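Here are the chains, one letter per residue:
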Amino acid sequence: MKILKKSKERTVEDTRALRETVTALIDDVCRRGDTALKEYNERFDCCSRDRIRVGREEIEEAYDKITEQELADLKATKENIEKFAVAQKATMTELKDFSPQPGIFLGHRIIPVSSCCCYVPGGGYPLYSTALMLITPAKTAGVKRVAACSPTVKGTSKIHYKTLVAMDLAGADEIYAVGGAQAIAAFSYGTEEIRPVDMIVGPGNRYVTEAKRQCYGQIGIDFVAGPSEVLIIADEKADCRTIAADLLAQAEHDPNAKGILITIDEAFGQQVIEAVEEELKTLSTAEIAARSWEDYGEVIVVDDLEQAVDLSNEYAPEHLEVNLEDPEPVLEKLYNYGSLFIGGNTAEVFGDYASGTNHTLPTVKAARYTGGVWVGTFLKVCTHQRMTEEASKEIAPLVARMAYGEGLEGHAKAAEARK
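About the thresholds
- Residues numbered from 1 in each chain as written.
- Predicted model: local features only at pLDDT ≥ 70, side-chain atom pairs only at ≥ 80, totals over all residues.
- Heavy atoms only, no water.
- Pairing = 2+ DSSP bridges.
- Helix = DSSP H or I, 4+ residues; strand = E, 2+ residues; numbered from the N terminus.
- Axes fitted to C-alpha atoms, helices over the stretch in contact; angles between N-to-C directions.
- Phe/Tyr/Trp six-rings, centres within 6.5 Å; stacked < 30°, edge-to-face > 60°.
- Buried < 20%, exposed > 50% of the residue type's maximum accessible area, 1.4 Å probe, protein only.
- Lys NZ or Arg CZ within 6 Å of the ring centre and 35° of its normal.
- Salt bridge = Lys/Arg side-chain N within 4 Å of Asp/Glu carboxyl O.
- Patch = residues over 30% accessible without salt bridge, like charges linked within 9 Å, V, L, I, M, F, W, Y side chains within 5 Å.
- Areas by Shrake-Rupley, 256 points an atom, 1.4 Å probe, with all protein chains shown as cover.
- Lys, Arg positive; Asp, Glu negative; His and termini not counted.
- Charge placed at Lys NZ, Arg CZ, Asp CG, Glu CD.
- Parallel < 35°, antiparallel > 145°, perpendicular 65-115°, else oblique.
- Left-handed = near helix turned anticlockwise from the far one by under 90°.
- Contact = heavy atoms within 4.5 Å.

Turning to the sheet that holds strand 14 (residues 379-387), a few remarks are in order. Pairing in this open sheet of 3 strands is antiparallel, and the strands run 2-3-14 from one edge to the other. At either margin of the open sheet sits one strand with a lone partner, and together these are strand 2 (95-98) and strand 14. Each neighbouring strand pair of the sheet contributes to a mean axis angle of 15°, computed without reference to strand direction. Two elements, strand 2 and strand 3 (residues 104-112), share 2 bridges in a ladder whose sense is antiparallel. Residue L95 lies in a different strand from strand 3, and its bridge partner there is H108.

The next point concerns the packing of aromatic side chains. Across all of its chains, the model carries 2 aromatic pairs by this definition. Taking the centre distance of 5.4 Å and the plane angle of 75° together, the rings of Y176 and F187 count as edge-to-face. Residue Y176 is found in strand 6 (residues 174-177), and its partner F187 is found in helix 7 (residues 180-189); the two are separated by 11 residues along the sequence. Each member of the pair Y176 and F187 is classed as buried. Above the ring of F105, the side-chain terminus of R386 is found at 4.5 Å from the ring centroid.

Moving on, we come to the pattern of salt bridges. For the structure on display, the rule yields 26 salt bridges. With a shortest N-O distance of 3.7 Å, E9 and K6 are connected by a salt bridge. Of the two residues, E9 and K6, neither departs from the other in class, the shared state being exposed. Here E61 and K158 are joined by a salt bridge, their closest N and O atoms 2.6 Å apart. Residue E61 is located in helix 3 (residues 56-65), and its partner K158 is located in the loop between strand 5 (145-150) and helix 6 (161-170); the two are separated by 97 residues in the primary sequence.

A word on a negative patch on the surface. Taken together, the side chains of E236, E325, D326, E328 and E332 define an acidic patch exposed on the protein surface. Checked against the element boundaries, E332 lands in the loop between helix 13 (328-331) and strand 13 (339-342).

Okay, the packing of helix 3 against helix 6 next. Where helix 3 meets helix 6, the axes come as close as 8 Å, and the angle between the chain directions of the two elements is 115°. Judged by the inter-axis angle, helix 3 sits roughly perpendicular to helix 6. Relative to helix 6, helix 3 is oriented so that their crossing is left-handed. Residues R56, E58, I59, A62, Y63 and K65 of helix 3 lie in contact with helix 6, whose contacting residues are Y161, L164, V165, D168 and L169.

Look at V364: it is not a glycine, yet its phi comes out positive at around 40°. Relative to the elements of secondary structure, V364 occurs in the loop between helix 14 (348-353) and strand 14. Here K365, not a glycine, exhibits a phi torsion of approximately 70°, which is positive. Within the secondary structure, K365 sits in the loop between helix 14 and strand 14.

None of the figures reported here should be taken as evidence of function without further support.
Below is the structure:
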């Protein structure tokens with residue numbers, strides 16, 4: 001293995017100050033409610049508004065601003081996301097009357113959570129695609145109350161009009177103009193205007209992420225996310241400019257984003273590095289993308305595809321592209337990734353926006369133990385059982401012996417009462 005471009009080591013950040021700041025903020029929202037939310041809106045986003053909840057009139061104003069093409073694009077994107085969510089939900093079925101032994105009948109139901117909040121970032125850029133990615137599967141799952149929130153455009157008192165329309169199109173039941181850690185606190189514990197929810201999903205900055213971490217347990221969350229990542233496995237048959245474009249598409253997210261190329265051809269790896277430098281000369285987001293690529297971009301030459309697969313599984317990237325002349329032999333060997341993009345025609349950015357899979361995905365190796373947001377994120381698999389009198393008498397001695405063995409006499413007697 002040879003490293004053509006090495007990234008900086010990510011140092012373990014001292015998060016004590018972050019934790020303390022977020023804890024104090026959560027406590028303040030719990031204590032002062034909407035008053036605290038309005039003060040934080042003013043302080044962080046220069047936003048002054050009397051009501052945090054967005055009314056119908058404000059939503060209609062957003063529709064008045066949107067162009068026909070913009071609206072058509074949002075609708076087409078939502079349709080693809082919804083179709084895939086419906087297909088995914090169909091794979092989750094109720095189980096009825098499974099019988100491990102005569103007279104015992106087991107099963108499970110698929111039950112949506114009662115309420116959720118979809119957190120949509122947006123103080124800097126309007127991330128209206130995230131509104132569609134979060135709200136659409138929640139509604140498809142059957143969540144009765146889907147709230148959505150987003151910070152306002154900095155210096156204004158309103159959410160970006162395209163984000164607001166996307167939230168409404170996707171089916172949000174309630175929309176609130178609030179963001180940051182304070183929004184997570186509000187939807188976890190409630191304020192005068194905001195009723196708490198059962199689950200919060202969606203990406204955010206490190207304050208939002210820390211707030212989700214601290215509020216977990218009070219509410220459910222999707223996962224704790226970090227900077228965006230893409231890993232590309234490619235051979236010399238791939239187009240170096242296409243690979244460079246895909247790497248920079250991730251790099252422009254954030255100075256801490258990570259783009260990695262693993263290739264079996266050293267000359268190709270060098271061509272990609274040159275193509276990245278060339279595109280950066282004209283990219284409008286080059287200031288951010290260049291910092292990300294300089295600090296965290298990697299190009300690694302491996303001996304063979306088996307080594308490439310092992311390295312990819314170790315990285316457990318958010319996005320994984322396999323751009324090989326024949327990708328099929330490696331696909332089944334890949335098991336740690338947020339979402340997989342197969343072949344040179346399948347750009348990762350297609351999944352970011354409109355192909356139908358979800359772009360809210362695990363980062364910083366969380367793909368080792370979870371996938372991304374999907375319709376199942378909002379569904380609970382809840383078991384049930386019933387048994388005949390004969391089966392109850394049959395199993396009671398076994399259960400009683402198990403209970404006595406653990407020293408739990410009350411359990412044992414509850415079983416023996418059925419004899």
